[in-house]
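# A structural walkthrough
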Amino acid sequence: SLVSLPVVQEEEPTTVGFSLGGNGYFLEDGLETTLSTSNIIIYKEDIMSGAMLGGFETLGAAYQHWLNTCKGAIVAPTDSGDVTFFREHYANGYRTVDAIQWKPVPP
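Residues numbered from 1 in each chain as written. Predicted model: local features only at pLDDT ≥ 70, side-chain atom pairs only at ≥ 80, totals over all residues. Heavy atoms only, no water.

### A look at the sheet that holds strand S3 (residues 100-104)
In space, the 3 strands of this open sheet follow the order S2-S1-S3, with antiparallel pairing throughout. Every other strand in the sheet has two partners, leaving strand S2 (52-56) and S3 as the edge strands with one partner each. Geometrically, the sheet is characterised by an average inter-axis angle of 25° between neighbouring strands, direction not taken into account. Here 5 bridges tie strand S1 (residues 42-46) to S3, and the two strands are oriented antiparallel to one another. By the bridge assignment for S3, Asp 46 is matched with Ile 100. (Pairing = 2+ DSSP bridges. Helix = DSSP H or I, 4+ residues; strand = E, 2+ residues; numbered from the N terminus. Axes fitted to C-alpha atoms, helices over the stretch in contact; angles between N-to-C directions.)

Next comes the structure, spelled out in structure tokens:
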């Protein structure tokens, strides 16, 4: 037999404002918060959501990030290699680590 569940009225969400500045713990650092894409040659993408997660201005920077990603990966790649291996097998978007792809920026 079916049981009838009571209807629950949802409350309107409330917003609470707060500020991180001015208390001595969080200070303005003056760093740029947006990603400049003009110098990026390789970007990383979450293949599940399609979101661009970041970009790299050099192959070496992308390679170092890939190494760090492999160290903490849920499913670590069984193959590893130098920067040439990374360029040939990962920086072209063919292989992934934990659903992350590294891809060249199209011209």
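### As for unusual backbone geometry
Of note in this structure, Asp 98 is not a glycine but carries a positive phi near 50°. With respect to the helices and strands, the residue Asp 98 is situated in the loop between helix H2 (83-89) and S3. The phi torsion at Ala 99 lies on the positive side, around 65°, for a residue other than glycine. Tracing the backbone through its elements, the reader meets Ala 99 in the loop between H2 and S3. Looking at Ala 99, the relative accessible area reads 22%, which means it is partly exposed. (Buried < 20%, exposed > 50% of the residue type's maximum accessible area, 1.4 Å probe, protein only.)

### Structural notes on the environment of Val 83
Relative to the helices and strands, Val 83 is located in helix H2. Distance from Val 83 to Trp 66, taken between C-alpha atoms, is 9.8 Å for residues 17 residues apart in sequence. Ignoring anything within four residues of it in the chain, the contact list for Val 83 reads Leu 59 and Tyr 63. (Contact = heavy atoms within 4.5 Å.)

Geometric descriptors of this kind do not, in isolation, establish any biological role.
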